[in-house]
Amino acid sequence: MSILSPGGDGPQHGPTLTELVEFLPTLVNDDPVVVATALRDRYGDVVRVPPLHPALDSGVYLLSNPEDIQSVLQSDPSDFRALDVPGSRDFSRVVRNSIVSLHADSGEGSWVERLRLVGPEFAEEQAQGHVPELAETTLSTLGEFADGLPGQVSSGDPSTVPEPARVWAAGTDGIRLLPAMRRLTLRLLGVSLFGPDMRAHEVEVIDAVATLRALFKRRQLHLVTSYATRQLPERLSLPSWIHRPLGFDPHIELTGRHERRTEAAVETLQSAATDVVARRQRTPLVFDDALGEWLRRRDPVTGEHIPPEALRQEVMGLLIAGHATMSAGLTWAFYLLAARPEVQQRIHEEARATALLAGPDALDDHDLPDGPEAACHPVDGPQFLESVPYTRRVWKETMRLYPSLPIFGRTAKSDVTFGDVDVEAGSHVLVSPYVVHRDPDLWDDPETFDPSRFESESDRHEFAYFPFSGGRHACLGEAIATTEATTVLATTLATHRVEFAGPGAEEPHEAPDVGIDSAINLQPDRDIVVRFVPREA
């Protein structure tokens, strides 16, 4: 069906031609998930999305009913295959042949076989065992940039650090929150999976991931605007207000320079991953981390080791799926918390009541063992996480408002029906945690930050909340992400306060207006400058 076709007779399940023209400035100027929310609000739980891309003429549908989403992800997953559209193909350039990208129909390798080789390290028990090291890493990283001074965030002139990794906010006493979280989460990933040697590649990895994200976003915008503005004028007399948002030359294509930048960024990540894997190949019994274990482990069915090339791709996939998403999630969490000192105080009190994050008074405990056993070891991970339920709810509410993966999809392998809408084989179905998590039919006052939503079991549908997807291909790193985030929030607020800083921050807890940017993951569309202020002991 062409973008110029309103879809025939019967109930309207998407924009007509006239409404498509009305939506075009929004499609160009606003983030895609904002557009998806507007489409859901206007057309309901099943929306035929205008296929404003030459690869999407086969049909695109946005699903927002939890029952339909459950059918796609959990109940009938064999009726769908991995989404194959330009955006997903860009993403696959980095994560190909990794547990992030493999699926039942994958031609690269067996998802089940790879899961046997790498899956154990993603188990909840394994993730929670790293809690003391995660807390230590958080505190040492905060020590580098708590005061926002140049010498604490880089060796030498901070202006020489690539912008995506530059923590110091020039001309202020604060730090740039997203770059700070990029550094922290890469180090946390080292604790949970990679080992400490990824730290040697920190700045180049952060810069490469951010570069790829920006280039992929640019490619998609140009493809959409070029296709739409070439097709529509042939059939319509468009008013000038449509052309203005698109710019003077909306038909511009990505140049060879941009393609070379893409290749260079991919090669940077490949080089870092190759170095990390090669160190373990040279001394396979030294490294006590997930990568070392994956290199040594034999598949219990085939008896084969994971090939080094596949191990490198696992590192590549995790640098996108495990690092970029977590850094954005923690950025949103601290953005929300900086505006809510009462929530910070409650987390502080909860964290200080734990054995791991107890204050100086803990030294007066006569039952504390002497020597190294006193540090960290009276507490295991599961016990600590059980003792900070409010902090866990704050993270869950952050993921409700700002899910790291805001929209994703599948392609139908056969004809399917959602409600009264027939969807042909080959059509693409999109689901958006961001849209569903803000549906007023599913959530009371959905735009409000309210951790109490998760105080007790709810009768909400399982797929009314799915920040980590769901079904057999749900995010494998959910336990790691939840453990890392909960530990970071509790540790940081046990010892620090967070407040807004920088230009325009007249009040330390007055949140600046921030929009969303959903290219690959969901992150703020502008800088957020904060201070982490040490609390008195």
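Relevant structure appears above.
Just so it is clear, the structure is predicted and the values come from calculations on it, not from any experiment. (Residues numbered from 1 in each chain as written. Predicted model: local features only at pLDDT ≥ 70, side-chain atom pairs only at ≥ 80, totals over all residues. Heavy atoms only, no water.)

1. A closer look at the nonpolar core
Part 1: Of all hydrophobic cores here, the largest spans 49 residues; its most connected members are Phe-334, Leu-337 and Phe-532.
Part 2: Elements with a contribution of two residues or more to this core: α7 (131-145), α8 (177-194), α13 (308-338), α14 (341-352), α16 (389-401), α18 (478-495), β9 (496-500) and β12 (529-534).
Part 3: Element by element, the count of residues in this core is highest for α13, at nine residues.
Part 4: The next biggest cluster of nonpolar side chains, apart from the first, holds 44 residues, and it includes Val-118, Ala-165, Ala-290 and Leu-319. (Core = buried A, V, L, I, M, F, W, Y, C linked by side-chain atoms within 4.5 Å. Buried < 20%, exposed > 50% of the residue type's maximum accessible area, 1.4 Å probe, protein only. Helix = DSSP H or I, 4+ residues; strand = E, 2+ residues; numbered from the N terminus.)

2. Some thoughts on the sheet that holds strand β3 (residues 80-82)
Part 1: In spatial order, the strands read β1-β2-β8-β5-β3; together these five strands make up an open sheet with mixed pairing. Looking at strand neighbours, the two that pair on one side only are β1 (46-48) and β3, the edges of this open sheet. The sheet shows a mean angle of 30° between the axes of neighbouring strands, taken without regard to direction.
Part 2: Bridge count between β3 and strand β5 (residues 408-412): three bridges; the pairing is antiparallel. Looking at the pairing, Phe-80 lines up with Ala-412 of β5. (Pairing = 2+ DSSP bridges. Axes fitted to C-alpha atoms, helices over the stretch in contact; angles between N-to-C directions.)

3. Some details on helix α2 (residues 32-43)
Part 1: Between its first and last C-alpha atoms α2 spans 16 Å; for twelve residues at 1.5 Å apiece the expected length is 16 Å, and the two agree.
Part 2: Residues Val-33, Val-35, Ala-36, Thr-37, Leu-39, Arg-40 and Tyr-43 constitute the buried set of α2.
Part 3: At the N-terminal end of α2, a side-chain oxygen is found 3.1 Å from the backbone nitrogen of Val-33, two or three residues along, and the residue is Asp-31. (Expected span 1.5 Å × (residues − 1). Polar contact = N/O pair within 3.5 Å; in protein donor to acceptor, adjacent residues only side chain to side chain.)

4. Concerning the side chain of Asp-517
Part 1: The residue Asp-517 is located in strand β10 (residues 516-517) in this model.
Part 2: Using a relative accessible area of 10% as the deciding quantity, one classes Asp-517 as buried.
Part 3: Contacts of Asp-517, omitting those with residues within four sequence positions, involve Asp-31, Arg-213, Lys-217, Leu-522, Gln-523, Pro-524 and Asp-525. (Contact = heavy atoms within 4.5 Å.)

5. Remarks on unusual backbone geometry
Note: most peptide bonds trans; most residues except glycine with negative phi.
Part 1: With phi around 45°, Asp-445 is a residue other than glycine that occupies positive phi space.
Part 2: Considering the arrangement of structural elements, one finds Asp-445 in the loop between α17 (433-437) and α18.
Part 3: By relative accessible area, which is 51% here, Asp-445 ends up exposed.
Part 4: For Ser-469, which is not a glycine, the phi torsion comes out positive at approximately 65°.
Part 5: A relative accessible area of 17% places Ser-469 in the buried class.

6. Looking at the packing of α7 against α8
Part 1: In contact at an axis separation of 10 Å, α7 and α8 are set at 150° when each is read in the N-to-C sense. When the axes of α7 and α8 are compared, the pair comes out roughly antiparallel. By crossing handedness, the relation of α7 to α8 is classed as right-handed. Of α8, the residues touching α7 (which contributes Glu-133, Leu-134, Thr-137, Thr-138, Thr-141, Glu-144 and Phe-145) are Ala-180, Leu-184, Arg-187, Leu-188, Val-191 and Ser-192. (Parallel < 35°, antiparallel > 145°, perpendicular 65-115°, else oblique. Left-handed = near helix turned anticlockwise from the far one by under 90°.)

7. What to know about the sheet that holds β12
Part 1: Read across the sheet, three strands follow the order β4-β12-β9 without closing on themselves; strand pairing throughout is antiparallel. This sheet does not close on itself; its edge strands, each paired only once, are β4 (175-176) and β9.
Part 2: Alignment of β9 against β12, held across five bridges, turns out to be antiparallel. Along β12, the bridge assignment pairs Val-498 with Phe-532.
Part 3: α13 rests against β9 and β12 of the sheet, and its axis sits at about 85° to β9.

8. A few points about the packing of α8 against α13
For any two helices packed against each other, one specifies the inter-axial angle together with the distance between the axes.
Part 1: Closest axis-to-axis distance for the α8/α13 pair is 8 Å, and the angle between their directions is 130°. Relative to α13, the element α8 lies oblique. Of the two elements, α8 crosses α13, and the hand of that crossing is right-handed. Of α13, the residues touching α8 (which contributes Leu-177, Leu-178, Met-181, Arg-182, Thr-185, Leu-186, Leu-189, Leu-193 and Phe-194) are Val-315, Leu-318, Leu-319, Gly-322, His-323, Met-326, Ser-327, Ala-328, Leu-330, Thr-331, Phe-334 and Tyr-335.
Part 2: In terms of residue class, the contact of α8 with α13 is built from 15 nonpolar, five polar and one charged. (Nonpolar A, V, L, I, M, F, W, Y, C, P; charged D, E, K, R; others polar.)

9. Focus on α18
Part 1: Taking 1.5 Å per residue, 18 residues should reach 26 Å; α18 reaches 26 Å between its end C-alpha atoms and fits that length.
Part 2: A large share of α18 lies buried, amounting to 16 of its 18 residues.

10. Overview of a positive patch on the surface
Part 1: On the surface, Arg-218, Arg-257, Arg-260 and Arg-261 cluster together into a patch of positive charge.
Part 2: In terms of residues, the positive patch owes the most to one element, helix α11 (residues 256-282), which gives three residues.
Part 3: Structurally, Arg-218 is set in helix α9 (residues 202-235).
Part 4: Given the relative accessible area of 33%, Arg-218 is considered partly exposed. (Patch = residues over 30% accessible without salt bridge, like charges linked within 9 Å, V, L, I, M, F, W, Y side chains within 5 Å. Areas by Shrake-Rupley, 256 points an atom, 1.4 Å probe, with all protein chains shown as cover. Salt bridge = Lys/Arg side-chain N within 4 Å of Asp/Glu carboxyl O. Lys, Arg positive; Asp, Glu negative; His and termini not counted. Charge placed at Lys NZ, Arg CZ, Asp CG, Glu CD.)

11. Considering the packing of aromatic side chains
Part 1: In this structure the tally under the stated criterion is eleven aromatic pairs.
Part 2: Considering the side-chain rings of Phe-408 and Phe-466, the 6.3 Å spacing of their centres and the 75° angle between planes classify their relative orientation as edge-to-face. Pair noted here: Phe-408 is in strand β5 and Phe-466 is in the loop between α17 and α18, with a separation of 58 residues, a long-range link.
Part 3: On the basis of relative accessibility, which here comes to 12%, the residue Phe-408 falls in the buried class.
Part 4: Centre to centre, the rings of Trp-443 and Phe-454 are 6.1 Å apart; their planes meet at 55°, and the pair counts as tilted. Of this pair, Trp-443 sits in the loop between α17 and α18 while Phe-454 sits in the loop between α17 and α18, and the two are eleven residues apart along the sequence. Both residues of the pair, Trp-443 and Phe-454, count as buried.
Part 5: Cluster of aromatic residues (ring-pair linked, three or more members): Trp-332, Tyr-335, Tyr-402 and Phe-500.
Part 6: In this structure, Arg-280 is placed above the aromatic ring of Phe-287, and the distance from its NZ or CZ to the ring centre is 4.1 Å.
Part 7: Over the ring of Trp-443 we find Arg-400, and its NZ or CZ is 5.3 Å from the ring centre. (Phe/Tyr/Trp six-rings, centres within 6.5 Å; stacked < 30°, edge-to-face > 60°. Lys NZ or Arg CZ within 6 Å of the ring centre and 35° of its normal.)

12. Some words on the pairing of β5
Moving residue by residue along a regular strand, the side chains alternate between the two faces of the sheet.
Part 1: Within β5, five of the five residues are buried, which leaves the element mostly enclosed by the surrounding structure.
Part 2: Burial of the side chains of β5 extends over both faces: Phe-408, Arg-410 and Ala-412 are buried on one face and Gly-409 and Thr-411 on the other.
Part 3: In this sheet, strand β8 (residues 428-431) lies alongside β5 in antiparallel orientation, the contact comprising four bridges. The partner of Phe-408 across the bridge, within β8, is Val-431.

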